[in-house]
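What the coordinates show
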Amino acid sequence: MNFVEARLAKLARNGDRNAFAELVELYKDKIFHLAYRMLNNKQEAEDAVQETFLRVYTNLHRYDENQKFSTWIFRIGTNLCIDKLRRRKNTYSLDAEMPDGEGNDYYAMLPSHEDTPEKQIIVSETQEQIRKAIETLPEKYKSIVILRYLQDMSLQEISEVLDMPVTTIKTRVHRGREYLRKRLEQEEQDANTNPVPR
């Protein structure tokens, strides 16, 4: 339990704008990375961050100080992204192409030590393959895989964020991993079967 965050939330609930600003500062990047990985669109991710903090602000009176603030805010952010993905599914169009260069900050998690250019390309291509594979995950696995492997949350934390039993989370993590493994193996087979001409 982070008492500092609980205290900030309590102060913010009582109208302390500086306390709320501190909470925003603590979580804006984390929520952006979560939203960007789920939505794969910078503008939508930025909108999701704003909506998350708007919901946090208007619902501070509902925050239970006995639970971790991080769990509560991640639940709000994750649910918002899931809603956006559902709405997107209904209004999907082939014209809605992703602009180039959107993924620049995706690799922020890579170690900073310098590798050879060849190794950098291999790592970059692998990251890109994994990112694309995650995008294709069925909705019920996608948020769980992102929270587990990209946000580094424990199964218990994910259970609290998504309000699901830990056993369900375990099963979905396992199935999501299997789905990704098969997808990546299939892509590798396809690449070996149809090599790109040089």
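Residues numbered from 1 in each chain as written. Predicted model: local features only at pLDDT ≥ 70, side-chain atom pairs only at ≥ 80, totals over all residues. Heavy atoms only, no water.

**Considerations on the nonpolar core**
Stated formally: Here the nonpolar core consists of buried residues drawn from Ala, Val, Leu, Ile, Met, Phe, Trp, Tyr and Cys, with membership extended through side-chain atoms lying within 4.5 Å. The classification of residues rests on relative accessible area computed with a 1.4 Å probe and restricted to protein chains. Under 20% of the type maximum is buried, over 50% is exposed, and intermediate values are partly exposed. Numbering of helices and strands starts at the N terminus; helices are DSSP runs of H or I of at least 4 residues and strands are runs of E of at least 2. Residue contacts are defined here by distance: any two heavy atoms, one from each residue, within 4.5 Å place the two residues in contact.
Val 56, Phe 69, Ile 73, Phe 74 and Leu 147 are the most contacted members of the largest nonpolar core, which totals 46 residues. When residues of this core are traced back to their parent elements, those giving at least two are helix H1 (3-13), helix H2 (17-39), helix H3 (42-58), helix H4 (69-90), helix H5 (117-135), helix H6 (139-150), helix H7 (155-162) and helix H8 (166-193). Examining the composition of this core, we find that eleven residues originate from one element, H2, more than from any other. Setting aside chain neighbours within four positions, we find Phe 74 in contact with Tyr 27, Lys 30, Ile 31, Leu 34, Leu 147, Gln 151, Met 153 and Val 161.

**Side note on the pattern of salt bridges**
Keep this limit in mind: Whenever a carboxyl oxygen of Asp or Glu lies within 4 Å of a side-chain nitrogen of Lys or Arg, that contact is scored as a salt bridge.
Inspection of every chain in the model, using the stated rule, returns eight salt bridges. Residues Lys 42 and Glu 46 are paired through a salt bridge, measuring 3.5 Å at the closest nitrogen-oxygen approach. Here the residue Lys 42 and the residue Glu 46 both occupy positions in helix H3, the gap between them amounting to four residues, near one helical turn. A salt bridge links Glu 178 to Arg 181, with the shortest nitrogen-to-oxygen separation between them at 2.6 Å. You can see Glu 178 and its partner Arg 181 sitting in helix H8, three residues apart, about one turn around the helix. Since its relative accessible area comes to 27%, Glu 178 is described here as partly exposed. Overlapping salt bridges bring together Glu 178, Arg 181 and Glu 185 as one network.

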